[in-house]
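Reading the structure
These are the residues of each chain, in order.
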Amino acid sequence: MIDFQAFTLDNGLEVLVHEDEGTEMAVFNMLYKVGSKNETPDKTGLAHYFEHLMFGGSKNVSDFDRVVEKAGGECNAFTNTDITNYYIQLPAINLETAFWVESDRMLALNLKDSTIETQREVVIEEFKQRYLNQPYGDIMHHVRDLAFTTHPYRWPTIGKEIAHIENFNSQDIREFFHSYYGPNNAILVVAGKVKTAEIEKLASKWFGDIPARPIPTPFATVEPPQLVKRSKKIYADVPSDALYKVFHIPGRLMPGYLECDLITDLLSFGRSAPLEQKLVKGTDVFATCQGYVMGNVDPNLLVISAKMERGREAEEAEELLNKLLLDFKCQEVPQHAIEKVKHQAEAMKAYESLHLLNRAMKLAYFAQLGNPNYYWEESDKKLGISRDAIQTSANRYLDENNASTVYYKAASALDKTSTNQYQA
Amino acid sequence: MLDRSIGPELKVPDPISLKAPIKRTLKTGVPLYFIPTPGIKAIKCEVIMPLHNSSYVAEDALVPFFTLNMLLEGIKGMNSSELDDFFDYYASEVEVHVGHDRQGLSLLSTKKRFDNVLPVFRALFTEATLPPKELKKRKSQKKLGIALQREQASGRANQLIRQALFGENHPFGYTATEAHVDGISADKIRAYYQDHFRILPEIFVTGDLEEEELQTLEKTFEDLPFRDNYQRAGEINPFPGKRMIEPRPQAMQESMRLGVLALPKSHPDYFPLWVFNTTYGGYFGSRIIKNIREDKGYTYGIYSFLSSISKNDYWMVMADVKKGHAEEVIAECYKELKILANTPLYGEELETLRNYMTGSFLSEFSSAFDLMGKFKRVHHQGLDFDFYNKQLQYIKTFDPEEVSTVGGKYLQENRIKEVIVGS
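Residues numbered from 1 in each chain as written. Chains lettered and ligands numbered in written order. Predicted model: local features only at pLDDT ≥ 70, side-chain atom pairs only at ≥ 80, totals over all residues. Heavy atoms only, no water.

1. What to know about the overall build of chain A
Per the secondary structure count, chain A includes 16 helices and 11 strands. Radius of gyration (C-alpha) of chain A: 23 Å, near the 22 Å computed for a compact globule of 424 residues. Projected onto its principal axes, the C-alpha positions of chain A cover 65 × 50 × 35 Å. A burial count over chain A gives 62% of its 424 residues as buried. Contacts in chain A between residues at least 24 apart in sequence constitute 81% of all its contacts with a sequence separation of at least 6. Of the roughly 16200 Å² that chain A leaves accessible, carbon and sulfur atoms contribute 51%. Side-chain charges of chain A comprise 45 positive and 59 negative groups, with the mean position of each set lying 2 Å from the other. (Helix = DSSP H or I, 4+ residues; strand = E, 2+ residues; numbered from the N terminus. Rg over C-alpha atoms; globule rule 2.2 N^0.38 Å. Buried < 20%, exposed > 50% of the residue type's maximum accessible area, 1.4 Å probe, protein only. Contact = heavy atoms within 4.5 Å. Areas by Shrake-Rupley, 256 points an atom, 1.4 Å probe, with all protein chains shown as cover. Lys, Arg positive; Asp, Glu negative; His and termini not counted. Charge placed at Lys NZ, Arg CZ, Asp CG, Glu CD.)

2. Thoughts on the pattern of salt bridges
Tallied over the entire structure, the rule returns 68 salt bridges over all chains. Of the charged contacts in the structure, one is a salt bridge between B:Glu418 and B:Arg243, with a shortest N-O distance of 2.7 Å. Residue B:Glu418 is found in strand E13 (residues 417-421), and its partner B:Arg243 is found in strand E9 (residues 243-246); the two are separated by 175 residues along the sequence. Connected via shared salt-bridge partners are A:Lys233, A:Asp241, A:Glu313, A:Glu315 and A:Lys409. (Salt bridge = Lys/Arg side-chain N within 4 Å of Asp/Glu carboxyl O.)

3. A few points about the sheet that holds strand E6 (residues 186-192) of chain A
Residues and elements named next belong to chain A. Strand order in the open sheet formed by six strands is E1-E2-E6-E3-E5-E4, with mixed pairing between adjacent strands. With one partner strand each, in any of the chains shown, strand E1 (5-8) and strand E4 (74-79) form the two edges of the open sheet. When strand polarity is set aside, the average angle formed by the axes of neighbouring strands in this sheet is 15°. Here strand E3 (residues 25-32) runs beside strand E5 (residues 84-91); their pairing, made up of eight bridges, is antiparallel. Within E5, the residue paired with Tyr-32 across the bridge is Thr-84. (Pairing = 2+ DSSP bridges. Axes fitted to C-alpha atoms, helices over the stretch in contact; angles between N-to-C directions.)

4. Examining the confidence of the model for chain A
With 97% of its residues at a pLDDT of 70 or more, chain A shows a mean pLDDT of 94. Of the regions scoring below 50 in pLDDT, residues 413-424 of chain A engages in 10 contacts with residues more than four places distant in sequence or in other chains. (pLDDT = per-residue confidence, 0-100.)

5. A look at the nonpolar core
Residues A:Phe286 and A:Ile390 are the most contacted members of the largest nonpolar core, which totals 62 residues. Looking at this core, the element that brings in the most residues is helix H13 (residues 356-369) of chain A, giving 10 residues. When near neighbours in sequence (up to four residues on either side) are disregarded, A:Phe286 contacts A:Leu279, A:Val280, A:Ala306, A:Lys307, A:Met308, A:Glu309, A:Ala317, A:Leu320, A:Leu321 and B:Lys137. One finds B:Cys333, B:Leu340, B:Phe361 and B:Val403 within the second-largest nonpolar core, a separate group that totals 59 residues. (Core = buried A, V, L, I, M, F, W, Y, C linked by side-chain atoms within 4.5 Å.)

6. Looking at the packing of aromatic side chains
All names here are of chain B. Inspection of the entire model under this criterion finds 49 aromatic pairs over all chains. Centre to centre, the rings of Phe-387 and Tyr-388 are 5.3 Å apart; their planes meet at 85°, and the pair counts as edge-to-face. Each member of the pair, Phe-387 together with Tyr-388, is buried. An aromatic cluster of three or more residues is present, and its members are Tyr-33, Phe-204, Tyr-270, Phe-271, Phe-361, Phe-365, Phe-375, Phe-385, Phe-387, Tyr-388, Tyr-394 and Phe-398. The ring centre of Phe-65 lies 4.0 Å from the NZ or CZ of Lys-142, which sits over that ring. (Phe/Tyr/Trp six-rings, centres within 6.5 Å; stacked < 30°, edge-to-face > 60°. Lys NZ or Arg CZ within 6 Å of the ring centre and 35° of its normal.)

7. Details of the interface of chain A and chain B
Taken together, the contact pairs 70 residues of chain A with 75 residues of chain B. When the two sides are added together, the surface that chain A and chain B hide from each other amounts to roughly 6300 Å², 53% of it contributed by carbon and sulfur. Interface area lost by chain A to chain B is led by A:Arg66, A:Lys70 and A:Tyr351, which between them contribute 11%. Our enumeration of links across chain A and chain B arrives at 12 salt bridges. In this structure, the salt-bridge partner of B:Arg113 is A:Glu346, at a minimum N-O distance of 3.3 Å. Counting only elements with at least two residues in the side of chain A that touches chain B, the list comes to helix H2 (64-70), E5, helix H3 (95-107), helix H4 (113-132), helix H8 (196-207), helix H10 (274-281), strand E9 (286-293) and helix H12 (335-352) of chain A. (Buried area = accessible area lost by both parts, 1.4 Å probe.)

Structure (structure tokens):
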């Protein structure tokens, strides 16, 4: 359990407090329920770009980072498809400074032209550094684009292309802020050497008078069911082929999701898992192979990602993978494997609660899903799934017609095959 | 009505008392350092040894890497997949550590499973079978990793700056090649495991362990045979030129590095140099972040840091920057060095820096489970935990003039080596 107290301000701001006497530090974690899924296909990357602009100063706090640092703190943020999460770690005695700066930017963010332009450059460099100027860096761009036809999970949080970042104007940005950055669209977690009574006072003092805003209703885009397998070949200057095979699965809170999560645990968790033992150690085709679920709020993907040994083809790797998945679907899961996953889940809880920041973020994330306790409940629920249910789900979701495969080919292979291999 | 124009009053945190690890000694003389973490269910046990460098030839430089990574591929009575299954079943993880000057294994487990896995962890030190089939796989994976790192501009830039600082024929400046991987044989690994793996071990333990459990742990390692003679790496032989360049017309960014040899932590000038570095490029409010990222937008991130390999410490600046701007960024970095060396910190920046460093210090020491890492860092340079008490004291009382003078003395433009990959 992560202990917490919760209350909600009149303006809709949800506040959770996690007291930990064992530290002199505090974590102030503000989560906004907005991510790249709130973007439109021709304007992608805005949620993340906007995250950078949140550090550009507000009416009474001209330099956000500087004020936090002067209070002995550090701050940062991340954006994903569903949420944008800002956090400040600082000595608990200066916690009120975090309330001051965070409430000021929620109320009156500056959005100066100079900040907008400089951060545009910074984000474009981030795009290049992490996704384009990096071997295999853009694979997920291709994978998402292939697997989704309609839903905003079709593009990564950084954005579909640099041009989108280049084209945002000041109106796009202002509208985004006013649409999503209201107290009624946020969850605050305060953790560390703090007292709930004190946090109640501070929260209403600094956030109480910030008016709620009309939050746009989500687009409710539903990805149409996939009926046949999709595949795509990409050629790039990389040392060896990579293979990404993905399957549509239910959203985080939907029936079937936890079965898929458990399936990837069984396939891939640890060195003894079948993907590692049978495909990596057991063949000279795979250099690496992992499976995981994305775990987003809306229906998302189960991903098998692999790199090939040099000179081996992604296509032959897929055949081996398919055979392994077929075996998994046909054979009953051994009791030993189930026990192993149980032990691992138990240990993960011990490892994950070592750090205060991690606990605060987990609380915020699960509160956003609707129930902070779900962090612990989810794991129990997952471990209660029967072996029959695992097999049924494996057969349902690990289906060829539900799959999209990206063959990311080492460019040298292109010289050998002169035909145009691009298919979609 | 709330007046938002004035922020809450800032307070200075009380000094924290840092508890040094408890030192125990095994019958064989092996030291065991222990940090108790009551209530925490995770346990970490590390066995760290010096890296033997005597017969250094580039062709054999990867022998320690492969030897240690092969330990998990089988011990007497358990083959590779049985061993994998064993540790996974008990949700425990063995990590291999092969640095430039140290080698070892660490075990992360839980209080509940620790007793189950400890004997097998211990067996890795003496009972490894080092099977050739698994070696073949490891070799081909490593070759791919080498190719990938060379492809990555930032990975390549890191290799080149180490070459520039230590010399490409010195172990610290060494860059692995695929040909070196080909030269690795099962015989070489077996010989290394026999003769050069178990040297003067030290044990570091963090967790909620009772006296009895500690005694079991001690007993487990009491029959570990080890040697006490090993050879440190020889003299370094830095690149005589100023700059290493690797052009890549198709690259979208340039990876730049600046580097210079600096001071060990035991040197009286270390603290001022450390403060100088933090001001210059060691935190988000630093001079170069402000200049290169926040004012010019040339990079997603630019940092400087002080690091050490064995007794050789070095200072480095690293960034991946907008294509065509590496030259300008390097010039700006030198400009900022001169400004900071010539004009001591004052006013708000000084206050911010002191507060930030104090808070950051508190933060770094706030998780008991991470303290051993801090301890090892100073211990391996022959210092003890008191280093940190002095460091905290220095943050609160340093003289900005001293910081500027010392920074200017060690970080001189004419001594700094440069690397650009991707021009």
